Amino acid sequence: MKVTADREVCIGAGMCVLTAPAVLDQDEDDGRVRVLDADPPAEAHPAVREAERLCPSRAISVES
Ligand code: SF4
């Protein structure tokens, strides 16, 4: 899995961080998403896919 996040479109809503905290975080300065683990282990994949689905700005992309 390859996880990327577009910080330009992120609105800092934080849904992703709540859903997949092991993989996604929010920048302390601007509140926008940061990818902690771009190639997360299999057990994290469902949460990352859910975070991708829930993001209101479609900022998160996941490639299998
Ligand atoms: S859910 Fe989307 S808009 Fe909200 S912080 Fe995460 S990437 Fe940004």
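The rules behind these values
Residues numbered from 1 in each chain as written. Predicted model: local features only at pLDDT ≥ 70, side-chain atom pairs only at ≥ 80, totals over all residues. Heavy atoms only, no water. UniProt positions renumbered as here; feature names shortened; annotations may be inferred. 1 Å grid on protein atoms, 1.4 Å probe; cavity = no way out; pocket = protein on both sides within 12 Å on 5 of 7 lines; lining within 4 Å. Points joined across faces, edges and corners; volume = space filled by probe spheres on them. Nonpolar A, V, L, I, M, F, W, Y, C, P; charged D, E, K, R; others polar. Helix = DSSP H or I, 4+ residues; strand = E, 2+ residues; numbered from the N terminus. Buried < 20%, exposed > 50% of the residue type's maximum accessible area, 1.4 Å probe, protein only. Lys, Arg positive; Asp, Glu negative; His and termini not counted. Salt bridge = Lys/Arg side-chain N within 4 Å of Asp/Glu carboxyl O. Polar contact = N/O pair within 3.5 Å; in protein donor to acceptor, adjacent residues only side chain to side chain. Contact = heavy atoms within 4.5 Å. Near = heavy atom within 4 Å.

- For the protein, the name recorded in an unreviewed UniProt entry is Ferredoxin, with Lipingzhangella halophila as its organism.
- Comment text from UniProt for the protein, heading Cofactor (unreviewed entry), reads "[3Fe-4S] cluster".

**Overview of empty space enclosed by the protein**
Here's step 1: Enumeration according to the criterion identifies one cavity of 30 Å³ or more in this entry.
Here's step 2: Reported here for the largest cavity is a volume of approximately 70 Å³.
Here's step 3: Contributing to the lining of the largest cavity are 13 residues, with Cys 10, Ala 13, Gly 14, Cys 55 and Pro 56 lying nearest its centre.
Here's step 4: Here the lining of the largest cavity is built from residues that sort into ten nonpolar, three polar and no charged.

**Topic: the side chain of Asp 27**
Here's step 1: One can find Asp 27 in the loop between strand E2 (24–26) and strand E3 (33–35).
Here's step 2: As a buried residue without a salt bridge, Asp 27 has its nearest oppositely charged side chain in Arg 7, at a separation of 4.1 Å.
Here's step 3: Reaching out from Asp 27, the side chain makes a polar contact with the backbone nitrogen of Asp 29 at a distance of 2.7 Å.
Here's step 4: Setting aside its immediate chain neighbours within four residues, Asp 27 contacts Arg 7, Arg 32 and Arg 34.

**A few points about the site of the ligand**
Here's step 1: In the neighbourhood of the ligand, 13 residues make up the surrounding shell, with Cys 10, Ala 13, Gly 14, Cys 16 and Cys 55 lying closest.
Here's step 2: Among the residues forming the shell around the ligand, the class breakdown is ten nonpolar, three polar and no charged.

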